Amino acid sequence: MKKTLAAFSAIYMLSACAAFQTDYVVKENSEHSSFAPAWTVQSRAYRIDSYAQTKQFLYFVGEANDPKQRLCLKNAEKDAIQKTASDAAQKIMRRFERNKTENALISSELKNKLEKNILVNLQESVIAGKYWEKRDYLKEKGAKSNYTTYKCNVVNKIKKSDLAETLEASKTKATKALSAKNKTAADKAIDAYIADLKR
């Protein structure tokens, strides 16, 4: 039984690997290597820094595609910064959802205001790494047409203490239109996330 299961697992893995074919060829990249850096994947973004530094920072990977390298990198940078604000707003909203007293529209509006206010006040984040690939997409490999474009990844890092300060600065503007009960719930949610960042 174990041999049959092992054989089935091996066949499944081989067929999964065979099914994962890319429809492009990497012509060149910014690292001049065969592989992209580990940090280009969100779950490994912290690898841009030494282990000692990773406890102080949060990391967010942005990505973009564009036929022009400069625009590709710029858009990936914007995406990484947007993800920083979006992640903070999402974590606050999870706490707020437990304590709110009104409808879901309030949550959506608050999340949007938080993101905008965080982006406006997000001064201390740093673009810690940039990576690009020049890709030729080919019909013969399964692409819809033949074309060349850049695929870019950028990692944005922010000190947890700086994000806490940003949240403090944006809290009043983000919550001022809420009812008294929801303002209290939102303030508690923001304060709880700030406390988590300071630990």
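Along each chain, the written sequence defines residue order, and numbers are assigned to residues from 1. Only residues with pLDDT of at least 70 get local features here, since the model is predicted, and only at 80 or more are side-chain atom pairs given and counted; chain-wide, interface and lining totals rely on the full set of residues. To obtain the side-chain values, all non-hydrogen atoms of the structure were included, while hydrogens and water were left out.

### Some points on the environment of Ala192
Basically, it comes down to this: Secondary structure elements follow DSSP: runs of H or I of four or more residues count as helices, runs of E of two or more count as strands, with numbering from the N terminus.
Within the secondary structure layout, Ala192 lies in helix α6 (residues 180–198). In this structure the C-alpha to C-alpha distance between Ala192 and Lys91, which are 101 residues apart in sequence, comes to 10.0 Å.

### A closer look at the pattern of salt bridges
What counts is decided by this rule: Each reported salt bridge corresponds to a side-chain nitrogen of Lys or Arg within 4 Å of a carboxyl oxygen of Asp or Glu. When accessible area is computed with a 1.4 Å probe and restricted to protein chains, residues below 20% of their type maximum are described as buried, those above 50% as exposed, and intermediate ones as partly exposed.
In total, this model carries 12 salt bridges according to the counting rule given. Note that Lys130 and Glu77 form a salt bridge whose closest N and O atoms lie 3.5 Å from each other. Of this pair, Lys130 sits in strand β3 (residues 126–137) while Glu77 sits in helix α3 (residues 69–99), placing them 53 residues apart in sequence. Its relative accessible area of 21% is what places Glu77 among the partly exposed residues. With a shortest N-O distance of 2.8 Å, Arg199 and Asp196 are connected by a salt bridge. For Arg199, a relative accessible area of 75% gives the class exposed. Overlapping salt bridges, with partners in common, bring together Arg95, Asp196 and Arg199 in one network.

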